[in-house]
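# A structural walkthrough
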Amino acid sequence: MSDITDSAAQPETVDEFLGDKPRPRWRRWMKFWLPALIIVLLILAISTCTGGDDEVTYITEETSEGSLDLTVTATGNLRPTNQVTVGAEVNGPVEQVLVDVNDQVTRGQVIAVINTEIIDQQIAQSRANLNAARASLLQAQATLDVDIAQLDRLKAVRELSGGRVPSQIELEQAEAAVARDRAAVASARANIEAAQATLRANSTTRSRAVIRAPVTGVVLARQIEPGQTVVASFNTVTLFVIAEDLAAMQLRVSIDEADVGQVEAGQEATFSVDAYPGRRFPAQVQRVDLASGNTVESQTGAAAAAGGSVVSYEARLIVQNAEGLLRPGMTATATIATASTGTVLLVPNAALRFRSTSGDEDEGGMLSVSVGLEDQEQEAGIGVGSRQQVQVLQADGTLRAVNVVTGQSDGRMTAVQSDDLEAGMEVVTGVQAQGG
């Protein structure tokens, strides 16, 4: 009996022996079904997010009527209309510099003085030589007068004596003396002219030692200081740079060879400078050079290997600077108005580049903008007179291809001609990305 009682009181499992309650079966299998449940929920969430409406949303823009203004953009620098370099033609130390940069000067105004002591000595010597030459002339003239009188007396005596006296030799000697005297007089006069020329040259050099402004304007640069020695050898030494008038300036820009055919004299333009951001200044094209102003070799590897170069032509624009805001040397970006199309039908360039990738445009298939290297031929084909297609979004959401003939373009909008396209129609320019 005791054995039976002990057997009945003994626990049947280890959990009972340890005093723990047995776990339910679903909990024991949790490590298997819980990850499976999480995966199923993730799949349902993804399918819900991605399994929405497959309808394509197009990006459109209305066609419009308006005038297309064509422009050419170029960069360059502002310069004075007339810029004069003032130099020195004489040697010597600078005694005075009477003007500085930004000073206003008038024509003939003394702006610098070079020491003239040596020149003054040369002038004094030239005057002395001139006086000596004049004295020599007087002496030669007096000798000539005496010999002429002597010759006249010999001729009179010979006539009275019937040719007996004086002898023929004496008469010839007297005539030769007169001839020598006449030559001496001519030589003395030539010496006077030479002395006068030397004196004038020295006086001119003396006047050039006083530097005067050749034009009325403003001093842009001063390159000399008092005490500095000027040595004018083969080249004229530059002392000052003077701009004649900054109220009227010129803008010189480089026009690319691809655009030079559109630019001509008389066209209106505007330009901007970094000193006044947001402000446009008016200008007018004065001339376009026929010859290339500069040829810049391309530094890029591929272009350099192919021998590529960029050719530009210089254009000069007239600029009014009544306010005095513009300064020489400023870098300017000019926009030249080359042509205007008048009122035409305009479509965005993106609509001309839009191409179908599904092959079923009428059923609202997927479309995309054709860009990239593979579309170079298509990009090159969009030119004046080319035939293109645009996709018009209709009321029912489908697309209709419309043929157009392209005209001028400003880079964003293109003028087109079409019998089926009107202003206000929605043309497709892209496809809106679908949200996830």
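See the structure printed just above.
Cut-off values and rules
- Residues numbered from 1 in each chain as written.
- Predicted model: local features only at pLDDT ≥ 70, side-chain atom pairs only at ≥ 80, totals over all residues.
- Heavy atoms only, no water.
- Salt bridge = Lys/Arg side-chain N within 4 Å of Asp/Glu carboxyl O.
- Buried < 20%, exposed > 50% of the residue type's maximum accessible area, 1.4 Å probe, protein only.
- Helix = DSSP H or I, 4+ residues; strand = E, 2+ residues; numbered from the N terminus.
- Expected span 1.5 Å × (residues − 1).
- Contact = heavy atoms within 4.5 Å.
- Patch = residues over 30% accessible without salt bridge, like charges linked within 9 Å, V, L, I, M, F, W, Y side chains within 5 Å.
- Areas by Shrake-Rupley, 256 points an atom, 1.4 Å probe, with all protein chains shown as cover.
- Core = buried A, V, L, I, M, F, W, Y, C linked by side-chain atoms within 4.5 Å.
- Pairing = 2+ DSSP bridges.
- Phe/Tyr/Trp six-rings, centres within 6.5 Å; stacked < 30°, edge-to-face > 60°.

### Some thoughts on the pattern of salt bridges
Under the definition given, this model contains eight salt bridges. Across the pair Glu314 and Arg316 runs a salt bridge, and its minimum N-O distance is 3.6 Å. Accessibility expressed as a relative area gives 18% for Arg316, which makes it buried. Where salt bridges share partners, they join Asp100, Arg222 and Glu225 into one cluster.

### A word on helix α6 (residues 168-208)
The first and last C-alpha atoms of α6 sit 60 Å apart over 41 residues, in line with the 60 Å expected at 1.5 Å per residue. Listing the buried residues of α6 in full gives Leu171, Ala174, Ala177, Val178, Asp181, Val185, Ala188, Ile192, Ala195, Leu199 and Asn202. Buried residues along α6 sit against α5 (117-160).

### Side note on a nonpolar patch on the surface
Judged by side-chain polarity, Trp33, Leu34, Leu37, Ile38, Val40, Leu41, Leu42 and Leu44 come together as a nonpolar surface patch covering roughly 720 Å² of accessible area. Tracing the sequence through the fold places Leu34 in helix α4 (residues 30-50). Judged by relative accessible area, Leu34 falls into the partly exposed class, the value being 35%.

### Topic: the nonpolar core
By size, the foremost hydrophobic cluster in this structure holds 38 residues, and its most contacted members are Ile111, Phe240 and Ile242. In terms of residues, this core owes the most to one element, α5, which gives nine residues. Within the second largest apolar cluster, 22 residues are counted, among which are Ala269, Phe271, Val273 and Ala332.

### Digging into the pairing of strand β12 (residues 268-273)
Of the two faces of β12, only the one carrying Ala269, Phe271 and Val273 is buried; Glu268, Thr270 and Ser272 on the other face are not. Pairing analysis gives four bridges linking β12 to strand β13 (residues 281-288), with the strands arranged antiparallel. Looking at β13, one finds that Glu268 is bridged to Gln284. Both β12 and strand β16 (residues 331-348) contribute to a ladder of five bridges, which runs antiparallel. The partner of Ser272 across the bridge, within β16, is Thr333.

### Re the environment of Gln432
With respect to the element layout, Gln432 can be found in the segment after β22 (426-431). Sequence-wise, Gln432 and Ile59 are 373 residues apart; in three dimensions their C-alpha atoms are separated by 6.0 Å. Gln432 has contacts with Thr57 and Ile59, leaving out every residue within four places of it along the chain.

### A look at the sheet that holds strand β10 (residues 237-243)
The sheet built from four strands is open, its strands ordered β3-β10-β8-β5 with antiparallel pairing. Strands at the two margins of the open sheet, each flanked by one partner only, are β3 (83-88) and β5 (104-105). In the sheet, strand β8 (residues 217-222) pairs with β10 via four bridges, with the strands oriented antiparallel. Counted as the bridge partner of Arg222 is Phe240 from β10.

### Remarks on the side chain of Arg316
Among the secondary structure elements, Arg316 is positioned in strand β15 (residues 309-320). Ignoring sequence-local partners within four residues, the contact set of Arg316 consists of Gln250, Leu251, Arg252, Gln284, Val285, Gln286 and Arg287.

### Quick word on the packing of aromatic side chains
Applying the stated criterion across every chain, the model contains two aromatic pairs. Ring plane angle 25° and centroid distance 5.5 Å describe the contact between Phe271 and Phe281, whose orientation is recorded as stacked. Here Phe271 is found in strand β12, whereas its partner Phe281 is found in strand β13, with ten residues between them in sequence. Both residues of the pair, Phe271 and Phe281, belong to the buried class. Taking 6.1 Å as the distance between ring centres and 70° as the angle between the ring planes, the aromatic pair formed by Tyr276 and Phe281 counts as edge-to-face. These aromatic residues form a ring-pair network of at least three members: Phe271, Tyr276 and Phe281.

### Here we look at the sheet that holds strand β7 (residues 210-212)
Within the open sheet, the four strands sit side by side as β7-β6-β4-β9. Their pairing is antiparallel. Looking at the sheet topology across the chains shown, the edges are occupied by β7 and β9 (229-230). Sheet topology note: the strand β4 (residues 92-97)/strand β6 (residues 110-114) ladder contains three bridges and is antiparallel. Paired with Val97 across the bridge in β6 is Ala112.

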